[in-house]
Amino acid sequence: MTPLVGLIMGSQSDWATLRDAAQLLDDLAIPYEARIVSAHRTPDRLWSYGTEAAGRGLQVIIAGAGGAAHLPGMMASKTRLPVIGVPVQTKALSGVDSLYSIVQMPKGYPVATMAIGAAGAANAALMAAGILALQDAELAGRLDAWRAALSNSIPQEPSDD
Ligand code: RP5
């Protein structure tokens with residue numbers, strides 16, 4: 001199937017985090033592609049990916065990066081597709097560096113910035129699902145069911161186990 005979500009990351013080392021997004025996209029049966037696209041190490045790849053993304057049928061881009069995390073913002077400057085940024089947790093600064101690098105975009109080129117790390121990756125997939133569900137009633141149903149299952153899994157009372 002033609003991928004609807006481009007799941008891109010700055011390095012192989014980001015996959016451990018972005019895998020949580022991939023898992024949720026799989027769970028919701030959303031076609032996606034996963035690619036390594038580094039703003040610093042493969043700038044030409046970033047340029048062509050952003051230039052071609054909309055024309056290839058992608059509808060949302062999830063971009064995860066850590067440290068000097070320029071990938072989401074640079075991608076947002078190259079495509080009008082919504083870009084969801086995931087700050088990857090870093091050893092040196094715990095991902096606050098990634099968050100600050102992604103969140104403070106100048107007016108005109110927004111990046112929808114998620115939380116640092118695994119929760120942010122999962123929420124990026126859910127955000128992408130919500131965007132796609134606006135035009136896809138079957139996906140909207142799957143997303144509603146996923147949300148209801150999560151809600152139903154929360155116990156009323158705490159336990160000692
Ligand atoms: C960033 O540098 C990547 O997004 C990654 O989070 C970080 C470190 O990359 P590696 O040195 O692990 O390849 O560009």
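Residues numbered from 1 in each chain as written. Predicted model: local features only at pLDDT ≥ 70, side-chain atom pairs only at ≥ 80, totals over all residues.

Visitor: I tried to follow the overall build of the protein chain on my own but got confused; where do I start?
Guide: Secondary structure assignment for the protein chain yields six helices and five strands. Helices and strands appear in the protein chain in the N-to-C order β-α-β-α-β-α-β-α-β-α-α. Relative to a compact globule of 161 residues, whose C-alpha radius of gyration would be 15 Å, the protein chain shows 16 Å and is just as compact. Seen through its C-alpha atoms, the protein chain measures out along the principal axes to roughly 50 × 40 × 30 Å. A buried classification covers 37% of the 161 residues belonging to the protein chain. (Helix = DSSP H or I, 4+ residues; strand = E, 2+ residues; numbered from the N terminus. Rg over C-alpha atoms; globule rule 2.2 N^0.38 Å. Buried ≥ 20, exposed ≤ 12 C-beta atoms within 10 Å, placed from the backbone.)

Visitor: I tried to follow the UniProt feature "binding site: substrate" (unreviewed entry) in the protein chain on my own but got confused; where do I start?
Guide: Under the UniProt annotation, "binding site: substrate" (unreviewed entry) lies at Ser11, Asp14 and Arg41. Of the residues just listed, which span 31 residues, no C-alpha pair is farther apart than 14.1 Å, and they cluster in one region. Locating Ser11 in the fold gives a position in the loop between β1 (5-9) and α1 (15-27). Judged by the 17 C-beta atoms lying within 10 Å of it, Ser11 falls in the partly exposed class. Those residues in contact with Ser11 that lie beyond four places of it in its chain are Ile36 and Ser38. Locating Asp14 in the fold gives a position in the loop between β1 and α1. Here Asp14 is in contact with Met9, Gly64, Ala65, Gly66 and Val88, once residues within four sequence places are set aside. (UniProt positions renumbered as here; feature names shortened; annotations may be inferred. Contact = placed C-beta atoms within 7 Å.)

Visitor: Help me understand helix α4 (residues 96-103) in this model?
Guide: Structurally, the α-helix is built with 3.6 residues per turn, so residues lying three or four positions apart point the same way. Residues Ser98, Leu99, Ser101 and Ile102 constitute the buried set of α4. The arc that holds every buried residue of α4, seen down its axis, measures 165 degrees, which confines them to one face. (Arc of directions from axis to C-beta.)

Visitor: Before we go on, may I ask you to explain the UniProt feature "domain: PurE" (unreviewed entry) in the protein chain in this structure?
Guide: As recorded in UniProt, the sites labelled "domain: PurE" (unreviewed entry) are residues 3-154. The span residues 3-154 carries 47% helix and 16% strand; its end-to-end C-alpha distance comes to 33 Å.

Visitor: Whenever I open this one, the site of the ligand confuses me. Can you help?
Guide: The ligand sits among Gly10, Ser11, Ser13, Asp14, Ser38, His40, Ala65, Gly66, Gly67 and Val88. Its residues assigned to classes, the shell around the ligand comprises two nonpolar, seven polar and one charged. (Near = placed C-beta within 6 Å. Nonpolar A, V, L, I, M, F, W, Y, C, P; charged D, E, K, R; others polar.)

Visitor: Sorry, what's going on with the sheet that holds strand β5 (residues 112-113) here?
Guide: By way of backbone hydrogen bonds, the strands of a sheet pair with one another, either parallel or antiparallel. A sheet is described by the order of its strands in space; here five strands give the open sequence β2-β1-β3-β4-β5, paired in parallel fashion. The outermost strands of the open sheet, each flanked by one partner alone, are β2 (32-36) and β5. In the sheet, β1 pairs with strand β3 (residues 60-66) via five bridges, with the strands oriented parallel. Looking at β3, one finds that Val5 is bridged to Val60. This element, helix α3 (residues 71-78), spans β1, β3 and β4 (83-88) of the sheet and lies at about 150 degrees to β3. (Pairing = 2+ DSSP bridges. Axes fitted to C-alpha atoms, helices over the stretch in contact; angles between N-to-C directions.)

Visitor: Can you help me understand the pairing of β4 in this one?
Guide: Working note: regular strand, side chains alternate between the two faces of the sheet. When you tally the buried positions in β4, you get six out of six residues, the bulk of the element. Of the two faces of β4, the one holding Val83, Gly85 and Pro87 and the one holding Ile84, Val86 and Val88 are both buried throughout. In this structure, β3 lies alongside β4, joined through six bridges in parallel fashion. For Gly66, the partnering residue across the bridge sits in β4 and is Val88. Read from β3 through α3 to β4, the crossover connection turns out right-handed. Bridge count for β4 against β5 is two bridges, and the pairing is parallel. (Right-handed = clockwise from strand over helix to strand, strands pointing away.)

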